[in-house]
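Residue-level structural notes
Given next are the chains, with one letter for each unit.
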Amino acid sequence: MHENRTTYPKRKAQMYQQLQELPKKYKVLALIKMNKVRSTQILPLRKILKDDVEFVSIKDKVAKKALESLDVPGIKEIAGDLTGQCMFMFTNISPFKLNVLLAKNKIMMAARGGDIASIDIVVPAKNTGIAPGPMLTEFKEAGIPTKIDQGTIWIAKDSTPVLKGEAINEKLASILGKLDIKPVEAGISLFTALEDGLKYAEQEMIIDVEKIREEFSQAHQEAVSLSIEAAYITPENISQILSKAAQSARSVSIESGYMTDETKEQTLQKADSQARALAGQAKDYTPS
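Residues numbered from 1 in each chain as written. Predicted model: local features only at pLDDT ≥ 70, side-chain atom pairs only at ≥ 80, totals over all residues. Heavy atoms only, no water.

1. Considerations on the layout of surface pockets
The line we're drawing: The definitions used throughout rest on a 1 Å grid laid over the protein atoms alone, on which a cavity is an enclosed set of points accommodating a 1.4 Å probe that cannot get out and a pocket is an open set flanked by protein within 12 Å on both sides along at least five of seven lines; lining residues are those having an atom within 4 Å of a point. Grid points are joined across faces, edges and corners, and a volume is the space filled by probe spheres set on the points. Helix and strand labels come from DSSP, where a helix needs a run of H or I of at least four residues and a strand needs a run of E of at least two; each type is numbered from the N terminus. Residue type decides the class: Asp, Glu, Lys and Arg count as charged, Ala, Val, Leu, Ile, Met, Phe, Trp, Tyr, Cys and Pro as nonpolar, and the leftover types, Gly among them, as polar.
Taken as a whole, the largest pocket spans an internal volume of roughly 460 Å³. Looking at the largest pocket, it is lined by 21 residues, and the ones nearest its centre are Ala-103, Lys-106, Gly-187, Ile-188 and Ser-189. Elements supplying a minimum of two residues to the lining of the largest pocket: strand S1 (28–33) and helix H5 (95–104). It is H5 that contributes the most residues to the lining of the largest pocket, five residues altogether. Tallied by class, residues from the lining of the largest pocket come to twelve nonpolar, four polar and five charged. Within this model, the second largest pocket holds a volume of roughly 160 Å³. Lining of the second largest pocket is provided by 15 residues; of these, Pro-23, Tyr-26, Lys-27, Val-72 and Asp-196 occupy positions nearest its centre. The set of elements that each furnish at least two residues to the lining of the second largest pocket consists of helix H1 (10–25), S1 and strand S11 (192–195).

Okay, structure coming up:
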C-alpha cells in the first residue's frame, strides 16, 4: 500500500477493515508463521475450531498498517512480528489452551524430500497399480522389493525403508506419495500471541501437558502424605489418618500390656514370649 494513495483495491480495503474490527471483538490475537505450515494443515483446524476461532490470512503490509493504527494495548508489538506469510487467529480462548488444542490436532501428511519420518515407514505387500518402467528402478533404490505381475508393479513383501527419526529422500517421498502413505506428523504452534495487553513469545506458550499432570499428581501425593503425618484432617485423608491412629493405638496397647478386645491375643503372645525368655535365663543362671 503506497503512502500517497487515497484509494485502495476493494479486497485490500476489506482486509484492512476486518483487522480494524477483530482485535476489539476478541480477547486474544494469535499469530502463525505460514512458512512452517502447509495449507493442508489449516483446513481441518478451521472445521474443528470454527465455533471458537476466526482464522484470517492477510498480506503483511496491509496487516501492519491496520494494526499500527489501532489503540489496543500491545498491538503495535504484534505488528512488528509481521514478516513473511502470516495467519491471524482471533479467539477468546487463552493462548496456552489454544496452543494445546493445536498440538492435539496433528495430522499425518505426505512426505517431501528431506522430511523426517514421524513413524517407522512400512510399505505393505500389494499391487501398486503402477505400470512397469522407470519406477522399478526407484523402488529398487528405495530398498522396496518388487515383481511384475499382470502388467503392473507388485510390492513383493512388507518392507521398512525408513525408520522413525530418519530422513526421507526425494525419490522415496515420491514413491510414498504414489502409494498414499503419509509418514509425517504435522502440527501447528503459535508464533506469538496478545492477551489483555500481554505479548507472549513462542516458547512461553508451549505446555507439556503430561509433564505438568505428573507434577500435579506428585505434589498432590506429597501434600496428602504431609497432612497424614501432621494429622491435619481433610475429606481426602481422614480414612488414612484414622487407620494410622488405630495402628498406633494398637502398638501402644501391646507395648504397655494394656489389653483390649483387639490386642489381647498379641499382648498375651508377647507376655508369653517374655516369660519364656526369662525362664530360659533363670535355668541357665549359675551363681558365682
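2. As for empty space enclosed by the protein
Scanning the model with the defined rule gives one cavity of 30 Å³ or more in all. Space inside the largest cavity adds up to approximately 30 Å³. As for the largest cavity, its lining consists of Gln-41, Leu-45, Asn-105, Lys-106, Ile-107, Ala-186, Gly-187 and Ile-188. Counted by class, the lining of the largest cavity contains four nonpolar, three polar and one charged residues.

3. Concerning helix H8 (residues 209–229)
Using the following cut-off: Multiplying 1.5 Å by the residue count of a helix minus one yields the expected span of that helix. Throughout, exposure labels follow a simple rule: accessible area from a 1.4 Å probe, protein chains only, divided by the maximum for the residue type, with under 20% read as buried, over 50% as exposed, and the rest as partly exposed. Comment: arc refers to directions from the helix axis out to C-beta atoms. Throughout, a residue-residue contact means that at least one pair of heavy atoms, one from each residue, lies within 4.5 Å.
Helix length check: H8 (21 residues) gives 30 Å between terminal C-alpha atoms against 30 Å at 1.5 Å per residue, within 8%. Along H8, the residues that are buried comprise Val-224, Ser-227 and Ile-228. Down the axis of H8, the smallest arc covering the buried residues is 100 degrees, so these residues share one side. H8 presents Glu-214, Leu-226 and Glu-229 as exposed residues on the side facing more than 90 degrees away from its buried surface. Where the residues of H8 are buried, they touch helix H9 (238–256).

4. Focus: the pattern of salt bridges
The criterion, for reference: Salt bridges are defined by distance alone: a side-chain nitrogen of Lys or Arg within 4 Å of a carboxyl oxygen of Asp or Glu.
Overall, the coordinates contain seven salt bridges when judged by the stated rule. Of the charged contacts, one joins Lys-244 and Glu-229 as a salt bridge, the two residues approaching to 3.3 Å between their closest N and O atoms. Pair noted here: Lys-244 is in helix H9 and Glu-229 is in helix H8, with a separation of 15 residues, a long-range link.

That is the geometry; function is a separate question.
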